[in-house]
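# Structure at a glance
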Amino acid sequence: MKADILLGLQWGDEGKGKIVDVLTPKYDVIARFQGGPNAGHTLEFNGIKHVLHTIPSGIFHDTTVNVIGNGVVIDPVILKREIDALRKLGVDVKKRLLVSRRAHLILPTHCLLDKASEAAKGKEKIGSTLKGIGPTYMDKTGRNGLRVGDIDLPDFREKYNKLVAKHRDLLRFLNADTDPAEFEAAWFEGIETLRELTRIDSEHFVNDMLRNGKTVLAEGAQGSMLDIDFGTYPFVTSSNTMAAGACTGLGIAPSRIGNVIGIFKAYCTRVGSGPFPTELLDETGERMREEGREFGSTTGRPRRCGWLDLPALRYAITINGVTELMMMKADVLSIFDTIRVCTHYRVNGQLTDRLPYDINGVTIEPVYTDLKGWNCDLTGLTQPEDMPHELIEYIGFVERETGVPVHVVSVGPDRVQTLMRSAVWA
Ligand code: GDP
Ligand code: IMO
Ligand code: MG
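The rules behind these values
- Residues numbered from 1 in each chain as written.
- Chains lettered and ligands numbered in written order.
- Predicted model: local features only at pLDDT ≥ 70, side-chain atom pairs only at ≥ 80, totals over all residues.
- Heavy atoms only, no water.
- Near = heavy atom within 4 Å.
- Polar contact = N/O pair within 3.5 Å; in protein donor to acceptor, adjacent residues only side chain to side chain.
- Areas by Shrake-Rupley, 256 points an atom, 1.4 Å probe, with all protein chains shown as cover.
- Nonpolar A, V, L, I, M, F, W, Y, C, P; charged D, E, K, R; others polar.
- Donors = N, O, S within 2.8 Å, 3.2 Å for Na, K, Ca; no water.
- Helix = DSSP H or I, 4+ residues; strand = E, 2+ residues; numbered from the N terminus.
- Buried < 20%, exposed > 50% of the residue type's maximum accessible area, 1.4 Å probe, protein only.
- Contact = heavy atoms within 4.5 Å.
- Pairing = 2+ DSSP bridges.
- Axes fitted to C-alpha atoms, helices over the stretch in contact; angles between N-to-C directions.
- Phe/Tyr/Trp six-rings, centres within 6.5 Å; stacked < 30°, edge-to-face > 60°.
- Disulfide = S-S within 2.5 Å.
- Salt bridge = Lys/Arg side-chain N within 4 Å of Asp/Glu carboxyl O.
- Parallel < 35°, antiparallel > 145°, perpendicular 65-115°, else oblique.
- Left-handed = near helix turned anticlockwise from the far one by under 90°.
- 1 Å grid on protein atoms, 1.4 Å probe; cavity = no way out; pocket = protein on both sides within 12 Å on 5 of 7 lines; lining within 4 Å.
- Points joined across faces, edges and corners; volume = space filled by probe spheres on them.

### What to know about the site of ligand 2
Taken together, 20 residues sit near ligand 2, with Asp13, Lys16, His41, Thr129 and Thr237 positioned nearest. Asparagine 38 is positioned with one of its side-chain polar atoms (N or O) 2.9 Å from an oxygen atom of ligand 2. Contact distances for ligand 2 include 2.6 Å between an oxygen atom and a side-chain N or O atom of threonine 237. In the complex, the protein chains occlude 97% of the 550 Å² of accessible area that ligand 2 would expose alone. Counted by class, the shell around ligand 2 contains seven nonpolar, 10 polar and three charged residues.

Shown next, in the form of structure tokens:
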């Protein structure tokens, strides 16, 4: 078998959690491959709304194994909190969750460093979720990091102390709070919870599963425009959020990748700083935020809103090799008579349909095509045949502009508010 990948094509929060939960019955394994608790993946069903940060979004199905892959960074405190919350809902996490020994650990001092680094940047701050993501990946690539497998070593505490001492030097240099003592007890409690989980060599596990004909879905976090290499650098996260990240973050060879499912909102949002060509700073943007309840799942920050950006979407489709699209939150656009879609940019007077190298310093003027809105409630729909023709035209426009079919349309946050346009998913 080949592993499928599902990932966000915009600036994160496309609705990955919801869709992974919906698709889970089709898969034997759901595996996270990058990012960490900067992610907030929301699921809704039977009146339950749940937000996951580190745990894959297949955890609510008892027939599926969930894997936290080597490319993920784990904060044991947040992981424990997630596990406790799931246990309260009756989910047997211990049975359904496996954790890679190679995944790196987020220390309390990584979070202090994240805060100090953002404070030092002042007005140029990234708008990080402050979960310690950047500093942890820096220690990983700097070859200083602590890994899940290290918790079994007799000198784990010494290794921890050594890394903390290094961090304290850095924190002093940044004139920041250097003392992680108040967070340490909770952190080591989290380590104990981690000890209770099954820790595995996930690269062997995932490849064995594929070899044995099992189906695997790799669940992305963040979105392509936040990718460390291809996002709007430096306003990005610190991992490869793109399809290639699933190869390095799980140990799957490129030849073992099957479908790449790209998900996008019918409009755009971004949380944190950085360029956003189609951002609406007016009342229209405000209405979109209210209607879409666009407030961060991890930090509660208001998300910036704007129209669909096709040059950015096409770019994301290209770098990921997307084979099919899923369009989320179509219901949110029901309030607009006219829906705008950015097809090109004007950069320094020149018309282009390509994302420029650096969109930070330059003024990008979006060029829009206006489409007629559908102006009706979509949230009760269950069959694609019942979609209003204006929505079908909107989808057709996106398909023509991107060259990729839209197989699923989401019309509300609940599992059941999902329209399957392809026999594959029906
Ligand atoms: P993720 O990070 O990609 O998993 O997305 P988030 O969970 O951070 O943000 C998506 C938000 O939109 C969540 O609050 C979801 O419950 C909600 N959502 C998902 N799909 C839809 C949809 O089709 N319509 C509406 N109105 N909300 C949706
Ligand atoms: P999910 O998986 C939206 C953004 C932050 C900030 C930048 C860097 O829920 O889609 P970091 O904490 O990684 O140092 O932040 O990336 N960001 C996200 N935005 N959704 C996410 O995850 C995000 N994870 C990070 O807001 O701009
Ligand atoms: Mg999110």
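We are not done yet, so read on.
### Some words on the coordination of the magnesium ion (ligand 3)
Taken together, the protein ligands of the magnesium ion (ligand 3) are Asp13 (OD) and Gly40 (O), with distances of 2.1 to 2.2 Å. Of this pair, aspartate 13 sits in the loop between strand S1 (3–8) and helix H1 (16–23) while glycine 40 sits in the loop between strand S2 (29–32) and strand S3 (41–45); the two residues are 27 residues apart in sequence, bridging distant segments of the chain.

### A word on the site of ligand 1
Taken together, 20 residues sit near ligand 1, with Lys16, Thr42, Ser297, Asp331 and Ser410 positioned nearest. For ligand 1, an oxygen atom lies 3.1 Å from a polar atom in the backbone of glutamate 14. Backbone polar atom of glycine 40 to an oxygen atom of ligand 1: 2.8 Å apart, as the coordinates give it. Contact with the protein chains hides 94% of the accessible area of ligand 1, taken as 580 Å² for the molecule alone. Of the residues assigned to the shell around ligand 1, the class counts are four nonpolar, eight polar and eight charged.

### Section: the environment of valine 367
By the element assignment, valine 367 lies in strand S18 (residues 364–372). Owing to a relative accessible area of 21%, valine 367 belongs among the partly exposed residues under this scheme. Separated by 236 residues in the primary sequence, valine 367 and lysine 131 have C-alpha atoms spaced 36 Å apart. With residues up to four places along the chain from it excluded, the contact list for valine 367 reads Val341, Cys342, Thr343, His344, Tyr345, Arg346 and Leu351.

### Considering the sheet that holds strand S20 (residues 418–420)
Spatial ordering of the open sheet is given by S9-S7-S5-S2-S10-S1-S11-S15-S19-S20, a layout of 10 strands whose pairing is mixed. Pairing within the sheet leaves two strands with one partner each, and these edge strands are strand S9 (198–200) and S20. Sheet twist, expressed as the mean angle between neighbouring strand axes with direction ignored, is 25 degrees. Relative to strand S19 (residues 406–410), strand S15 (residues 324–328) runs parallel, the two being bridged by three bridges. From the neighbouring strand, methionine 327 faces S19, where its bridge partner is valine 409. Across the sheet, helix H12 (residues 389–402) touches strand S11 (257–265), S15 and S19, and the angle it forms with S15 is around 140 degrees.

### Description of the environment of alanine 330
Inspection of the secondary structure assignment puts alanine 330 in the loop between S15 and strand S16 (338–347). With 79 residues separating them in the primary sequence, alanine 330 and valine 409 have C-alpha atoms 7.2 Å apart. Beyond its immediate sequence surroundings of up to four residues, alanine 330 is in contact with Ala266, Trp374, Leu378, Leu391, Val409, Ser410 and Val411.

### Details of the packing of aromatic side chains
Under the defined criterion, the tally for this structure stands at 10 aromatic pairs. Considering the side-chain rings of phenylalanine 156 and tryptophan 187, the 6.3 Å spacing of their centres and the 20 degrees angle between planes classify their relative orientation as stacked. Of the two residues, phenylalanine 156 sits in helix H6 (residues 156–173) while tryptophan 187 sits in helix H7 (residues 181–196), which places them 31 residues apart along the sequence. Given a relative accessible area of 5%, phenylalanine 156 falls into the buried group. Looking at tryptophan 187, the relative accessible area reads 1%, which means it is buried. Joined through ring pairs, the aromatic side chains of Phe156, Tyr160, Trp187 and Phe188 make up one cluster.

### Structural notes on the side chain of threonine 352
Locating threonine 352 in the fold gives a position in strand S17 (residues 350–352). At a separation of 2.9 Å, a polar atom in the side chain of threonine 352 contacts the main-chain amide nitrogen of arginine 354.

### Describing the state of the cysteines
The final tally for this structure, using the stated rule, is zero disulfides. Not engaged in a disulfide, the cysteine cysteine 305 finds its nearest cysteine sulfur in cysteine 268; these two sulfurs lie 9.6 Å apart. For cysteine 305, a relative accessible area of 1% corresponds to the buried category.

### Some words on the pattern of salt bridges
Evaluation of the coordinates by the stated rule reveals 19 salt bridges. Residue arginine 199 pairs with aspartate 152 through a salt bridge whose shortest N-O separation is 2.7 Å. One end of the pair, arginine 199, is in strand S9; the other, aspartate 152, is in the loop between helix H5 (133–141) and H6, and 47 residues separate them in sequence. Here arginine 199 falls in the buried class, since its relative accessible area comes to 16%. Each of Asp13, Lys265, Glu294, Arg303 and Lys329 takes part in one network of salt bridges that share partners.

### Digging into the packing of H6 against H7
As a packed pair, H6 and H7 sit with axes 14 Å apart at the nearest point and diverge in direction by 140 degrees. Of the possible angle classes, the one that applies to H6 and H7 is oblique. Here H6 runs over H7; the crossing is right-handed. Along the contact surface, H6 presents Phe156, Arg157 and Tyr160, while H7 presents Glu184, Trp187, Phe188 and Ile191.

### Overview of the layout of surface pockets
Using a probe with the size of a water molecule, rolled over the atoms, empty space left in the structure can be pinpointed. By volume, the second largest pocket is sized at about 680 Å³. In terms of lining, the second largest pocket is formed by 30 residues, of which the most central are Glu44, Gly292, Arg293, Lys329 and Pro413. Of all the elements in the fold, those that place two or more residues in the lining of the second largest pocket are H1, S3 and strand S4 (48–52). It is S3 that provides the largest number of residues to the lining of the second largest pocket, a total of four residues. Split by residue class, the lining of the second largest pocket holds seven nonpolar, 11 polar and 12 charged.

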